[in-house]
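For reference, the chains in residue letters:
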Amino acid sequence: MTRTLRDLALFGGAPLATTPLHVGAPNIGDRQRLHELLDDALDRRWLTNDGPFVQAFERRVADLVEVEHCVATSSATTGLMLLAACLGLRGEVVLPALTFVATPHAMRWQGLSPVFADVDRATLTLSPASAAAACSSETSAVLGVHLWGTPCDVDGLTRLTAERSCALVFDAAHALGSIAGGRPVGSSGEAEVFSFHATKLCNAFEGGAVATNDARLAAALAEARNFGFAGEDEISGLGINAKMSEVSAAMGLVSLDALDHFVHAHRTNHEHYRVGLAGGRGVTLRDPDSRATPTRPYVVIEVEDEAGLSRDELLAVLRAENVLARRYFFPGCHRVPPYRDDPRSSPVPLPVTEQVLDRVLVLPTGTATSTPAIDRICEVVRCALEHPDEVRAQLATVAR
Ligand code: T4K
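Quantities reported herein were computed from a predicted structural model and do not represent experimental measurements. (Residues numbered from 1 in each chain as written. Predicted model: local features only at pLDDT ≥ 70, side-chain atom pairs only at ≥ 80, totals over all residues. Heavy atoms only, no water.)

A. Region of interest: the overall build of the protein. The helix and strand inventory of the protein stands at 13 helices and 16 strands. Relative to the globule expectation of 21 Å for 400 residues, the C-alpha radius of gyration of the protein, 22 Å, shows essentially globular dimensions. Projecting the C-alpha coordinates of the protein onto the three principal axes gives extents of approximately 70 × 55 × 40 Å. Each of the 400 residues in the protein was classed as buried or not, and the buried ones make up 54%. Of the contacts made within the protein by residues no fewer than 6 positions apart, 70% connect residues no fewer than 24 positions apart. Of the accessible surface of the protein, which amounts to about 17,100 Å², a share of 51% is contributed by carbon and sulfur atoms. (Helix = DSSP H or I, 4+ residues; strand = E, 2+ residues; numbered from the N terminus. Rg over C-alpha atoms; globule rule 2.2 N^0.38 Å. Buried < 20%, exposed > 50% of the residue type's maximum accessible area, 1.4 Å probe, protein only. Contact = heavy atoms within 4.5 Å. Areas by Shrake-Rupley, 256 points an atom, 1.4 Å probe, with all protein chains shown as cover.)

B. Representation of the site of the ligand. If you check the shell around the ligand, you find 24 residues, and the closest are Val23, Thr77, Asp171, His174 and Tyr328. With respect to the ligand, the backbone of Ala76 contributes an N or O atom lying 3.0 Å from an oxygen atom. Relative to its unbound accessible area of 920 Å², the ligand is 74% covered by the protein chains. Contributing elements (two or more residues each) for the shell around the ligand: helix H3 (76–86) and helix H4 (102–109). Partitioned by chemical class, the residues of the shell around the ligand number ten nonpolar, eleven polar and three charged. Counting contributing residues per domain, the shell around the ligand is built from domain 1 (5–25 + 259–325 + 364–399) and domain 2 (31–257), each supplying no fewer than three. (Near = heavy atom within 4 Å. Polar contact = N/O pair within 3.5 Å; in protein donor to acceptor, adjacent residues only side chain to side chain. Nonpolar A, V, L, I, M, F, W, Y, C, P; charged D, E, K, R; others polar. Domains from an automatic or database assignment.)

C. Highlighting a nonpolar patch on the surface. On the surface, a cluster of nonpolar side chains totalling about 270 Å² of accessible area is made up of Phe227, Phe229 and Ile235. Looking at where Ile235 falls in the secondary structure, it is placed in strand E12 (residues 234–235). Judged by its relative accessible area of 49%, Ile235 is partly exposed. (Patch = residues over 30% accessible without salt bridge, like charges linked within 9 Å, V, L, I, M, F, W, Y side chains within 5 Å. Salt bridge = Lys/Arg side-chain N within 4 Å of Asp/Glu carboxyl O.)

D. Inspection of the sheet that holds strand E2 (residues 69–73) at higher detail. Pairing is mixed in the open sheet, where seven strands are placed in the order E2-E10-E9-E6-E5-E3-E4. Every other strand in the sheet has two partners, leaving E2 and strand E4 (113–117) as the edge strands with one partner each. Here the average twist between neighbouring strands, direction ignored, is 25°. By the bridge criterion, four bridges tie strand E9 (residues 191–195) to strand E10 (residues 208–212) in an arrangement that is antiparallel. Bridge pairing in E10 places Glu192 opposite Ala211. This element, H4, spans strand E3 (92–96), E4, strand E5 (139–145) and strand E6 (167–171) of the sheet and lies at about 150° to E4. (Pairing = 2+ DSSP bridges. Axes fitted to C-alpha atoms, helices over the stretch in contact; angles between N-to-C directions.)

E. Representation of the side chain of His146. When you line up the elements, His146 lands in the loop between E5 and helix H6 (154–164). At a separation of 2.8 Å, a polar atom in the side chain of His146 contacts the side chain of Glu192. The residues touching His146, leaving out its near neighbours within four places in the chain, are Thr125, Pro151, Cys152, Val154, Phe170, Asp171, Ala172, His174, Ala175, Val185 and Glu192.

F. Highlighting the UniProt feature "modified residue: N6-(pyridoxal phosphate)lysine" (unreviewed entry) in the protein. As annotated by UniProt and renumbered to match this structure, "modified residue: N6-(pyridoxal phosphate)lysine" (unreviewed entry) occupies Lys200. Structurally, Lys200 is set in the loop between E9 and E10. Taking the relative accessible area as the measure of exposure, Lys200 reaches 14% and is therefore buried. Not counting chain neighbours up to four residues away, the residues in contact with Lys200 comprise Asn27, Ala173, His174, Ser195 and Tyr298. A distance of 3.5 Å separates the side chain of Lys200 from the side chain of Thr199, its partner in a polar contact. (UniProt positions renumbered as here; feature names shortened; annotations may be inferred.)

Listed below in structure tokens is the structure:
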């Protein structure tokens, strides 16, 4: 380690980065190709409403995740909402509290009651045992989240939902390219919903995709995302505008073309973090099974109790360096409105979730993050954790 305390920005050194290093800085594919596709759409004067780029995007995603049908949407959030509506879910949906708030919000917008369960310590995905304890006679579905790309215990959740005769769906927002039980994530349960938001491994500016092998469900989703139109003058039922535009689909296609390049960058970055943080005291890089999470979409560290610095203190050190790490998904869905005031939403204890929410930091990765920058981030983390008392004292001085 070459960095000393005096080199840290907190102690007056030059910040590690002159411009902010963001978690979620987008991966961007071939710009020239994107411009060509946008010209095509403009020349064609077909900009949205199930255009040729959207159809091509849907075929590409369906092939990639090995399902028969894919319905592109304006976001994963609207995809989840439509899925709940088209499956006719009622009452309660059991899901992890350790997720982005979009997951319960999508259910709540459909008039459903999200009920939170705990996660498994190893994978940080929904624990089948905790989910079982959270189920009630009102439960119509279990919603697993492949958090940070790590697949859920699909078999365990399948057994649970089969026993209870309720639906099983997945929030696969982080999990394009992940592998569950030897198959790409996307084909389990009734359907799985991917995100193509700008911050995802593969992006369409904004966008989502519902993957399913159920032809009737796919047809219902396609109608529901387009106001419920089943034909030019025919409305099949309640619908909304959740369509993907041709601009988004063009970006999605260009991103899919570059997927191998993006994955290579994420894997290389993850390896640099692994080496750079090895032996660092008090901090652990989450290192999920690389056969199940080969894409390495996120870099997540846990700041342990014995680190000497809290997670938030380490966050402050990094922010001073212009490294804008994030505390995803603090403070936890069960602790924010409208859920925190509803005792029915947290019927079971959430000890793993609560421990993790107070310990994790997500660090920058992707094609926008260079490996030399990662090596320096690791040096900063290690240096700060070698001198916790001095760092805490300096943070207190700066705060005054
Ligand atoms: N389920 C799960 C498990 C999810 O994580 C998400 C979304 C969803 C469902 C819903 O998917 P979508 O409906 O969005 O398709 C961001 C994203 O907006 C959100 O998509 C994502 N998860 C979540 C984890 O992150 P915020 O509120 O943190 O966004 P914001 O604006 O703070 O930006 C995040 C970071 O990315 C910052 O460091 C800045 C950086 N960034 C962002 C954008 C948009 C860039 O560098 N460039 C950009 O263009 O939610």
